[in-house]
Amino acid sequence: MAFKDLFIYPKYPDHLKPLFKLAYNLWCTWSYDAVNLFYRIDARRFREMNHNPVKLLLNLPSERIEELANDSGFLFEMERVWDTCRQYMSYEKTQNGDNPMTLKSDQTVAYFSMEFGLHECIPVYGGGLGILAGDFLKAASDLNMPFVGVGLIYKYGYFTQKINMHGMQEEQFQEFDNHQIPMRMIRDDQGGEHRIHLNIGQNPLVIRLWRIRVGKIPLILLDTDLEENAPDLRNITDELYVSDREKRFQQEFVLGVGGALALRSLGIQPRIYHINEGHSALLVLARLRELMHEKGFSYDEAKAMIRASSVFTTHTPVIAGNENFDIQLAQKYIEPEAEALGLSFETLAQEGVVGGDKTIFWMPAFAIKFSRYINGVSKLHGEVSKRMWADLFPEHPEAEIPITSVTNGVHSHWLSEPFTDLLTRYIGPDFVHQTGLCDVWNTLNDIPDEQIWESHRKSKHNLIIFIRNKLMNDLVQQGFTHSKSQNLGRLLSPDRLTIVFARRFAKYKRPTLLLNDQKRLIAILSNPERPVQLIFAGKAHPADTLGKDMIKAVIDFAKDNGLEDRVLFLENYDINVARHLAWGADVWLNNPIRPMEASGTSGMKAAINGVLNLSVPDGWWPEVYNGKNGWSITAGQFYEHSELKEQAEANQIYDLLEREITTSFYDRNESGIPEKWVHMMKESICTTSRFVNMNRVLIDYQNQFYTPSLGRSTQLAGHEYHLLRESVAQQQALKELWPDIHFVSCTTNADTRKRLLDTETLEAACQIDLGQAHRDMVSVEMYYEFDGQYQVTPLTFQNQEGSIASYTGSTKLQGVGRQRMNVRVRPTNEILQDLNPAWIKWA
């Protein structure tokens, strides 16, 4: 017996309709006025529904709806919040200090990501990558940047973490109703579902599209859960980061290829494609199809256009952690696309090969090969990424590998409500649009210490209440008696120094480093004059047994030593838990194995709230730490052996806690304020807010990547792609001639001098056999490295006898100490240099 699914909406009077307009735009989740409005409707329901404004409105009793409709005070507040929302949506300033937003409304950036961490009621995120992507869209909205997000909507989202009675993590997958979150199905002109059709492998697939409004930015999400799809395809979008490798490849095919087709079907024509991690690299296949089929481009012409308009951001500092697949699995899905383009599978497969190993297809390598603009997410991570992907740039010195960095940031909504109110009073209500302005944060020095401390005290009090309520609810759900849950709900003290470790439980993050010397730690925690409490939170990947064991180790430590009143593990770390911890902690602990933390945005969220970081100098922290805004764990740098390194770093943490951190926290003036601590809080807020805010991040992406990308694409498309087509034609000619080009001789004045002085010049002369190539086809250059920098100086053609051409040149020496140089030849044409990074020959 078949039934037709129906969804019935409650009837609201017309004058309450602004509530739905607010609820269906995620702006309402980062405006405290809007959040408090929904709390006013029904605080208990709103809290139980995970702060989901849509679900609250759809499930509100008719009696309460009628009460609200006749409550003049509520109606006044609703109109005030709705007016604030409309003002935000119509805010048109695009100036951000000395960095104007230069992108025009028709220069859309399409931002592809496997996950988006937008709000706790939309569980389509797993961790930091998704939170970063969500903050990216929110900041784009604040800055009026022409963005569109593209992702997948997962039937079960990411797993819900539960801790069983033995202290072990268990995973639960809970289906959520797409109709009861702030998301709407996209409709076609006839009112039906907007769908796209594609082939995945040899099978047809139908995809439904949904839209989430992130302030002014649309986020398009793809959904395969349709009856028309075969069961083994219908479940593609069931689960985020599914462990089945073929299902994961299918997800990434839908995200990349399907996402690009979805934008076209909606009439959205991006000028720039931003690939956020390698999961969406296959969007290249859809772009090749468009350029080669519809515009008649050759493969090399299409590749040049795609590279010019693509940005790739890598977030992974270890090669093994990057997305990769067995080449035969990749062939199953890529080969039909290649054949449709008239290409062999090998032509596309070689773009995803690293180090000559043709058995593995690397998604990030594929993205890098088709992206001119590539970046890591901190300065240190950028350098790590250069080394990690050096095989893709043979013959390139490390310094010249075209991978740079834009350090991550966080959106202003991570500020607690007390600090948001404080900054609004002292900086002005528009600070959310202007957080890229460096000098605006100097105003913090004018805020009295008492107000900084009171704002933090409120946030910390809210954290303690939140944890007690959460523990009470968790225990009741697990079947404990209400009386026992009430006893446990009185844990923690707002007066104790509170240290938080909250991040994924993985080996390289070392969540149990603090347990290295348990006897010493117990003494620190139990100090009667300067007590300390620890709060841990984080999920282990379902397949990570070691990560799960580390969660159990934390829980067992507290239980075995009678410290359950001051050492807690909070289960199911999500956005809601994260914000309360970042708001109310005193110290944020971060102790990964350096340099394995690419960025680490959780510490940023804490720092902008005046929480002091105690961190290994990894990711973002070395760029901000100044000795006055937190502490740096550096003792391990003197040891190579991992056990000695861990012991040294654990001991340094204990030393800092015993001698400096607890002393500064508990040293109060006559008003009960820890003056030294508050001054460090101010320094933390000031130094981090001016740098790690997401507005600054988007300005950097615009200036380093988006604007140059637009210029490059425009240049290639000029005069009906004349330059592009001419360059690719020249490439074919040079490809045949390149093997015969070689150095005959090369000398420098460094060869005959015993020593060079920094006031002199470095001179070089060389002879090159050009074979049949014309000298205009190649450029001869002196490459010179000094003091961590490099300089490229073109050599001047002197004469040619037969195929032998002579060149000379010089450059002024820079600095002193060990340096290096060489002479090379490569194509003169910059487009050919870009398309063929391996076309370099050294003397």
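Structural data are supplied above this passage.
These remarks concern the structure in this document.

Rules used throughout
- Starting afresh in each chain, residues are numbered from 1 along the sequence in its written order.
- Selection of residues for local features in this predicted model requires a pLDDT of at least 70, selection of side-chain atom pairs for listing and counting requires 80 or more, and totals for whole chains, interfaces and linings are taken over all residues.
- Side-chain metrics rest on all non-hydrogen atoms present in the structure, leaving aside hydrogens and water.
- We count a stretch as a helix when DSSP gives it H or I for four or more residues in a row; a strand needs E for two or more, and each element gets its number in order from the N terminus.
- The quantity called the radius of gyration is restricted to C-alpha atoms. Its globule counterpart is 2.2 Å times the number of residues to the power 0.38.
- Note on contacts: a residue pair is in contact if any heavy atoms of the two residues lie within 4.5 Å.
- Whenever a carboxyl oxygen of Asp or Glu lies within 4 Å of a side-chain nitrogen of Lys or Arg, that contact is scored as a salt bridge.
- Only protein chains enter the accessibility calculation, which uses a 1.4 Å probe; a residue is then buried when its area is under 20% of its type maximum, exposed when over 50%, and partly exposed in between.
- Side-chain atoms alone can form a polar contact between residues adjacent in sequence; in general such a contact is a pair of N or O atoms within 3.5 Å, and within protein one must be able to donate a hydrogen while the other accepts it.
- At least two bridges found by DSSP between two strands are what make those strands a pair.
- For every element, the axis is a line fit to its C-alpha atoms; helices are fit only across the contacting stretch, and the angle between N-to-C directions ranges from 0 to 180 degrees.
- Every angle not falling under 35 degrees, over 145, or within 65 to 115 is termed oblique; those three ranges are roughly parallel, roughly antiparallel and roughly perpendicular.
- Handedness of a crossing follows from how the near helix is turned relative to the far one, being left-handed for an anticlockwise turn of less than a right angle and right-handed for a clockwise one.
- In this count, Pro and Cys sit with the nonpolar residues alongside Ala, Val, Leu, Ile, Met, Phe, Trp and Tyr, while Asp, Glu, Lys and Arg are called charged and the others, Gly among them, polar.
- By this rule the span expected of a helix is its residue count minus one, scaled by 1.5 Å.
- The directions from the helix axis to the C-beta atoms are what the arc is built from.
- If you view a crossover with the strands going away from you and the path from the first strand over the helix to the second runs clockwise, you call it right-handed.
- Here, nonpolar core means buried Ala, Val, Leu, Ile, Met, Phe, Trp, Tyr and Cys residues that are tied together by side-chain atoms lying within 4.5 Å of each other.
- The patches described consist of residues with a relative accessible area above 30% and no salt bridge, like charges being joined within 9 Å and nonpolar side chains (Val, Leu, Ile, Met, Phe, Trp, Tyr) within 5 Å.
- Only the protein chains shown count as covering a residue, and every accessible area follows the Shrake-Rupley method with a 1.4 Å probe.
- Asp and Glu are treated as the negative residues and Lys and Arg as the positive ones, with His and the ends of the chain left uncounted.
- The atom standing in for a charge is NZ when the residue is Lys, CZ when it is Arg, CG when it is Asp and CD when it is Glu.
- For Phe, Tyr and Trp, rings pair up if their centres lie within 6.5 Å, where Trp contributes its six-membered ring, and each pair is then called stacked (planes under 30 degrees apart), edge-to-face (over 60) or tilted (otherwise).
- In our convention, an over-ring charge means Lys NZ or Arg CZ found within 6 Å of a ring centre and within 35 degrees of that ring's normal.

Quick look at the overall build of the chain now. Scanning the chain from terminus to terminus reveals 28 helices and 28 strands. Taking 843 residues into account, the globule formula puts the C-alpha radius of gyration at 28 Å, and the chain, at 29 Å, falls close to it. Along the three orthogonal principal directions, the C-alpha set of the chain runs to about 95 × 70 × 50 Å. A fraction of 73% describes how many contacts in the chain between residues 6 or more apart in sequence connect residues 24 or more apart.

A word on the pattern of salt bridges. Applying the stated rule across the entire model yields 45 salt bridges. A salt bridge links Glu 398 to Arg 387; the nearest nitrogen and oxygen atoms lie 3.6 Å apart. Of this pair, Glu 398 sits in the loop between helix H16 (379-388) and strand E14 (404-405) while Arg 387 is found in helix H16, placing the two residues 11 residues apart along the sequence. Assessed through its relative accessible area of 34%, Glu 398 is described here as partly exposed. You can call Arg 387 partly exposed: its relative accessible area is 46%. Between Arg 520 and Glu 658 there is a salt bridge, with its nearest N and O atoms 2.8 Å apart. Taken as a pair, Arg 520 in helix H20 (residues 518-525) and Glu 658 in helix H25 (residues 642-666) lie far apart in primary sequence, 138 residues in all. Judged by its relative accessible area of 21%, Arg 520 falls in the partly exposed class. In this structure Glu 658 comes out as partly exposed when scored by relative accessible area, which is 28%. Overlapping salt bridges, with partners in common, bring together Glu 193, Arg 195, Arg 208, Asp 223 and Glu 228 in one network.

A separate point is the side chain of Gln 652. Residue position: Gln 652 is located in helix H25. Within the local environment of Gln 652, its side chain forms a polar contact with the backbone oxygen of Ser 632, the two atoms lying 3.3 Å apart. Excluding its chain neighbours within four sequence positions, the residues that come into contact with Gln 652 are Ser 632, Ile 633, Thr 634 and Ala 635.

Before going further, it helps to examine the sheet that holds strand E21 (residues 742-748). Overall, antiparallel pairing links the four strands, which are arranged E21-E22-E26-E25 in an open sheet. The two strands at the open ends of the sheet, each matched to only one other strand, are E21 and strand E25 (796-801). With strand direction ignored, the average angle separating the axes of adjacent strands in the sheet is 20°. Across six bridges, E21 lies against strand E22 (residues 761-769) in antiparallel orientation.

All right, on to the sheet that holds strand E17 (residues 567-570) then. Either a parallel or an antiparallel arrangement is found when strands of a sheet pair, and the pairing is made through backbone hydrogen bonds. Taking strand neighbours across the sheet as the criterion, the six strands line up as E17-E16-E15-E18-E19-E20 in an open arrangement whose pairing is parallel. Edge strands, defined here as strands with exactly one partner in the open sheet, are E17 and strand E20 (630-632). Ignoring which end each strand starts from, the neighbouring axes of this sheet average 20° apart. As judged from the three bridges shared by strand E19 (residues 612-615) and E20, these two strands associate in the parallel manner. Considered in E20, the bridge of Leu 614 is made with Trp 631. Strands strand E16 (532-537) and E17 of the sheet are contacted by H20, whose axis makes an angle of about 115° with E16.

The interhelical angle for the contact between helix H18 (residues 449-477) and helix H22 (residues 575-584), taken along N-to-C directions, is 140°, at an axis separation of 7 Å. As judged from the angle between their axes, H18 and H22 are oblique. Seen along the crossing, H18 lies across H22 with a hand that is left-handed. On H22, the residues touching His 456, Ser 459, Lys 460, Asn 462, Leu 463, Phe 466 and Lys 470 of H18 are Asn 576, Val 577, His 580, Leu 581, Trp 583 and Gly 584. In terms of residue class, the contact of H18 with H22 is made up of five nonpolar, six polar and two charged.

Now for the environment of Arg 818. Along the chain, Arg 818 falls in the loop between strand E26 (804-812) and strand E27 (820-827). Overall, Arg 818 belongs to the exposed group, its relative accessible area being 85%. Here the alpha-carbon distance between Arg 818 and Glu 623, two residues 195 residues apart in the chain, equals 26 Å.

A few words on helix H7 (residues 72-89). Over its 18 residues, H7 runs 26 Å from end to end, which matches the ideal 26 Å to within 8%, given 1.5 Å per residue. Looking only at H7, the buried set comprises Phe 74, Leu 75, Glu 77, Met 78, Val 81, Trp 82, Cys 85 and Tyr 88. The buried side chains of H7 occupy one side of the element, clustering within an arc of 160° when seen end-on. Of the residues in H7, the exposed ones pointing more than 90 degrees away from the buried face are Ser 72, Phe 76 and Gln 87. Where the residues of H7 are buried, they touch helix H1 (18-23), helix H2 (27-30), helix H3 (32-41), helix H6 (62-69) and helix H8 (128-142). The opening residue of H7, the one whose side-chain oxygen lies 3.1 Å from the backbone nitrogen of Gly 73, is Asp 71.

Its location among the elements puts Met 183 in the loop between strand E4 (169-172) and strand E5 (184-185). The class of Met 183 is buried, set by a relative accessible area of 2%. For the pair Met 183 and Lys 17, spaced 166 residues apart in sequence, the C-alpha separation works out to 17 Å. Leave out the neighbours within four places in its chain, and Met 183 touches Tyr 24, Ile 153, Asn 178, Trp 210, Arg 211, Ile 212 and Leu 221.

So, about the environment of Ala 558. As for its placement among the helices and strands, Ala 558 is situated in helix H21 (residues 545-560). According to the relative accessible area criterion, Ala 558 is buried, its value standing at 3%. Contact partners of Ala 558, with chain neighbours within four places excluded, come to Leu 563, Glu 564 and Val 567.

Among the six residues of E16, six are classified as buried, and the element is accordingly described as predominantly covered. Side chains of E16 alternate between two faces, with Val 532, Leu 534 and Phe 536 and Gln 533, Ile 535 and Ala 537 buried alike. Where strand E15 (residues 497-502) meets E16, six bridges bridge the pair, whose relative direction is parallel. Across the sheet, the residue bridging to Thr 498 is Gln 533, located in E16. Traced from E15 through H20 to E16, the parallel crossover comes out right-handed.

What follows concerns the nonpolar core. Counting 157 residues, the largest nonpolar core has Leu 16, Phe 136, Phe 147, Leu 288 and Tyr 706 as its most contacted members. Per element, the largest residue contribution to this core is 11 residues, and it comes from helix H27 (residues 694-737). Leaving out residues up to four positions away in the same chain, Phe 136 has contacts with Tyr 111, Phe 147, His 274, Met 694, Val 697, Leu 698, Tyr 701 and Tyr 706.

Time to look at a negative patch on the surface. Together, Glu 450, Asp 667, Glu 670 and Glu 675 give the surface a local cluster of negative charge. With respect to the secondary-structure elements, Glu 675 resides in helix H26 (residues 675-689). Residue classification places Glu 675 among the partly exposed residues on the basis of a relative accessible area of 39%.

Geometry of a packed helix pair, given as the angle between the helix axes and the separation of the axes. Viewed as axis vectors pointing N to C, H8 and H27 meet at an angle of 85°, and their least axial separation amounts to 9 Å. Between H8 and H27, the crossing angle belongs to the class labelled roughly perpendicular. Contact with H8, carried on its side by Leu 132, Asp 135, Phe 136, Ala 139, Ala 140 and Asp 142, involves Met 694, Asn 695, Val 697, Leu 698, Tyr 701 and Tyr 706 of H27 and no other residues of that element.

This structure, assessed with the given rule, holds 40 aromatic pairs. For the ring pair Tyr 111 and Phe 116, a centre distance of 6.3 Å and an interplane angle of 65° mean the geometry is edge-to-face. For the pair Tyr 111 and Phe 116, one class covers both residues: buried. Relative to Tyr 790, the ring of Tyr 783 has its centre 5.5 Å away and its plane inclined at 25°; by these criteria the two rings are stacked. Its relative accessible area of 37% is what places Tyr 790 among the partly exposed residues. An aromatic cluster of at least three residues, connected via ring pairs, comprises Tyr 111, Phe 116, Phe 136, Phe 147, Tyr 373, Tyr 701, Phe 705 and Tyr 706. Its guanidinium or amino end placed over the ring of Phe 159, Lys 539 lies 4.9 Å from that ring's centre, counting from NZ or CZ. Looking at Arg 775, its charged tip hangs above the ring of Phe 797, at a distance of 4.1 Å from the centre.

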